Amino acid sequence: MKKEAIEVLMNRRSVRKFKPEQITDEQLKTVLDAGTYAPTAKGEQRPYIVAVQDKATRDAVAALNAKVIGMSNDTYYGAPTIILVLAPADEFGPLDAAAVETNMLNAAYACGLGSCWIHRANAMFKTEEGKALLRQWGLDESLDGWCSIALGYADMDAPAPKPRKEGYYRIIK
C-alpha cells in the first residue's frame, strides 16, 4: 500500500485564505502534470487546463467569477494562481473535468500548497467576457468551463475534517 498517497487523499482540505506570494514554476508544473494524468472518457484527454498567474488576468477571471453570481468579492480568496478546467459540452465533459480537477487538488496538497475547488466556471464561460478570454487563450468558444482551483500557499491552518456520514458506502458480497 502506498501510504503517502492515502495520506494525501484523507488529509487534503479546502483552503480559503492565501499568502500573496506566487508558487514556484516547479510546483505549478507538478500540479498541471497531475491533471493531465487523470482518467478521461475513452482516454481521449479532451479537457483543457489554463493556469492564470498574470495579475491582471487573474483579477479579471476572479471578477468574472464573482459577477456571474452578483458578488464583488474575490471568490478565489486571494490565491495568486487560478487554474481553470474546460472541456466539451457533452455528457463526458463535466466528468472528465472533475477527474482532472481532483488530481490537481490532490497534487497541490502533496506539493505543500493550499487549494480550493471553485464553482461557476460553467456560467463564466457562457458570458461574452468568458468567450473573449477563450479566444484570447486560443481555445474554442464551444468549450464549457467546468471547474476551477484557487491555488497558492495557505495562510491558515487546514480545517479539521468533517465527520463522515453513516452509511456513506455499502459493501455487497
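What you see as residue numbers is a count from 1 along each chain, following the sequence as written. For a predicted model such as this one, the threshold for reporting local features is a pLDDT of at least 70, and the threshold for listing and counting side-chain atom pairs is 80 or more; totals across whole chains, interfaces and linings nevertheless cover every residue. In computing side-chain properties, one takes all heavy atoms of the structure into account and sets aside hydrogens as well as water.

Observations concerning the overall build of the chain
Next, step 1: In terms of regular secondary structure, the chain is built from 6 helices and 4 strands.
Next, step 2: Tracing the chain from N to C terminus, the helices and strands come up as α-α-β-α-β-α-β-α-α-β.
Next, step 3: Each radius of gyration is computed over the set of C-alpha atoms, and the globule rule expresses the reference value as 2.2 Å times the number of residues to the power 0.38. Whereas a compact globule of 173 residues would reach a radius of gyration of roughly 16 Å, the chain reaches 16 Å, a difference of no more than 12%.
Next, step 4: Projected onto its principal axes, the C-alpha coordinates of the chain cover approximately 50 × 40 × 35 Å.
Next, step 5: We call a residue buried when its accessible area falls under 20% of the maximum for its residue type, exposed when it is over 50%, and partly exposed in between, using a 1.4 Å probe and counting protein chains only. For the chain, buried positions account for 40% of its 173 residues. Under the scheme used here, helices are H or I runs from DSSP no shorter than 4 residues and strands are E runs no shorter than 2 residues, and both carry numbers assigned from the N terminus.

Overview of the pattern of salt bridges
Next, step 1: Criterion for a salt bridge: a side-chain nitrogen of Lys or Arg within 4 Å of a carboxyl oxygen of Asp or Glu. Per the stated rule, a full pass over the model turns up 10 salt bridges.
Next, step 2: We note a salt bridge from Arg 58 to Asp 74, for which the minimum N-O separation is 2.8 Å. With a gap of 16 residues between them, Arg 58 in helix α3 (residues 55–67) and Asp 74 in the loop between α3 and β2 (81–87) connect regions that are remote in the sequence.
Next, step 3: The structure contains a network of salt bridges with shared partners spanning Glu 44, Arg 46, Asp 90 and Asp 96.

Concerning the sheet that holds β2
In a beta sheet, neighbouring strands pair by backbone hydrogen bonds and run either parallel or antiparallel.
Next, step 1: Here we have 4 strands laid out as an open sheet, ordered β1-β2-β4-β3, and antiparallel in their pairing. The two strands at the open ends of the sheet, each matched to only one other strand, are β1 (48–52) and β3 (114–118). Looking at each pair of strands side by side, their axes are set apart by 20° on average, direction ignored.
Next, step 2: Across 5 bridges, β1 lies against β2 in antiparallel orientation. For Val 52, the partnering residue across the bridge sits in β2 and is Ile 82.
Next, step 3: The contact rule is simple, with two residues in contact once any of their heavy atoms fall within 4.5 Å. With axes taken as lines fitted to C-alpha atoms, and helix axes fitted only over the stretch in contact, angles between N-to-C directions fall between 0 and 180 degrees. The sheet contacts of helix α4 (residues 93–110) involve β1, β2, β3 and β4 (144–152), and relative to β4 the element is tilted by about 5°. One bridge is not enough; two strands pair if DSSP finds at least two bridges between them.

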